[in-house]
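Observations on the model geometry
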Amino acid sequence: MAGSVTHIRKTPTRLRDVAESLLAGGQAPPTRGWELGHDALAMLYRMASDQKSSDDALAVLHELQVHQVELDLQLQQLEANEDELARELERYRNLYDQAPVGYLLLHNDGRVIEANQAAMRLFAPGAGSGGEELRVHDLLTPEARGALAALLGQLKPDQPTASCEVDAIDAPRCAPALRITARLEPGSDNVWVVLS
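Residues numbered from 1 in each chain as written. Predicted model: local features only at pLDDT ≥ 70, side-chain atom pairs only at ≥ 80, totals over all residues. Heavy atoms only, no water.

1. With respect to the side chain of Glu185
With respect to the helices, strands and loops of the structure, Glu185 is situated in the loop between strand 4 (177-184) and strand 5 (191-195). One buried charged side chain, Glu185, makes no salt bridge at all; its nearest oppositely charged neighbour is Arg93, positioned 10 Å away. (Helix = DSSP H or I, 4+ residues; strand = E, 2+ residues; numbered from the N terminus. Buried < 20%, exposed > 50% of the residue type's maximum accessible area, 1.4 Å probe, protein only. Lys, Arg positive; Asp, Glu negative; His and termini not counted. Salt bridge = Lys/Arg side-chain N within 4 Å of Asp/Glu carboxyl O.)

2. Quick word on the nonpolar core
Core analysis: the largest hydrophobic core is formed by 25 residues, its most contacted members being Leu104, Leu140, Leu151, Ile180, Val191, Val193 and Leu195. Mapped by element, the contributors of at least two residues to this core are strand 1 (102-106), helix 4 (117-122), helix 5 (142-154), strand 3 (161-167), strand 4 and strand 5. If we ignore the near neighbours within four places in the chain, the residues touching Leu151 are Ala162, Ser163, Cys164, Ile180 and Ala182. By size, the runner-up hydrophobic cluster in this structure holds six residues, among which are Leu15, Ala19, Val66 and Val69. (Core = buried A, V, L, I, M, F, W, Y, C linked by side-chain atoms within 4.5 Å. Contact = heavy atoms within 4.5 Å.)

3. Points about helix 5
Ala144, Leu148, Leu151 and Leu152 are the residues of helix 5 that are buried. Along the long axis of helix 5, the arc covered by the buried residues comes to 95 degrees, so they all point the same way. Across from the buried face of helix 5, at angles greater than 90 degrees, the exposed residues are Pro142 and Glu143. (Arc of directions from axis to C-beta.)

4. With respect to the confidence of the model for the protein
Should pLDDT be low for a region, the predicted coordinates there are not to be read in detail. Of the residues in the protein, 77% have a pLDDT of 70 or more, and the chain-wide mean is 79. Within the model, the stretch residues 1-10 combines pLDDT values under 50 with zero contacts to residues more than four positions away or in other chains. (pLDDT = per-residue confidence, 0-100.)

5. Structural notes on the packing of aromatic side chains
Evaluated as defined, the whole model comprises two aromatic pairs. Where Tyr96 meets Trp192, the ring centres are 6.3 Å apart and the plane angle is 80 degrees; that geometry is what we call edge-to-face. Taken together, the residues span a long stretch of sequence, with Tyr96 in helix 3 (residues 54-97) and Trp192 in strand 5 at a distance of 96 residues. Accessibility expressed as a relative area gives 13% for Tyr96, which makes it buried. With relative accessibility at 32%, the residue Trp192 sits in the partly exposed group. Aromatic ring contacts, followed pair by pair, group Tyr96, Tyr103 and Trp192 into a single cluster. The ring of Tyr92 carries Arg91 above its face, with NZ or CZ at 5.0 Å from the centroid. (Phe/Tyr/Trp six-rings, centres within 6.5 Å; stacked < 30°, edge-to-face > 60°. Lys NZ or Arg CZ within 6 Å of the ring centre and 35° of its normal.)

In structure tokens, the structure reads:
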């Protein structure tokens, strides 16, 4: 426990040190519209006007400035983190969409929730447009649909992954044999599927 308390104290101290250094060097980041409120300014004025508390007023003003710089630094870091996360999300979204194999997210009954471009090429042109639901069994021969249903039915939390090979309904759009690898999405009944 003492180790975690030490770690918690280090971060604000380091941030405060950086804020103090920036203020001392006149390099504090621009504030984001933060201003002292009327009441705070009035209190500082009263304290500065009284010789007994003028030093305290300067100390309070300094603390407010340091705290503002700390907040501005934290905001800059949060914005930088948000930008980095957005770039990573875009990178993984492109990786998913441009993958050479079909990726699908399905309801456990086979209805398609989400599909990448390779998976969509397996369906008939225009499939899924106009609000119609796509189903994986639309790609399969009637005999293969039972194998898909059995595969989806055997997925359980203690056995989250299964695969099978089935016959595709239309060989010109995809290979006659289609390998389906399925995995339960953690924390839901949905299923991730790779078609290859």
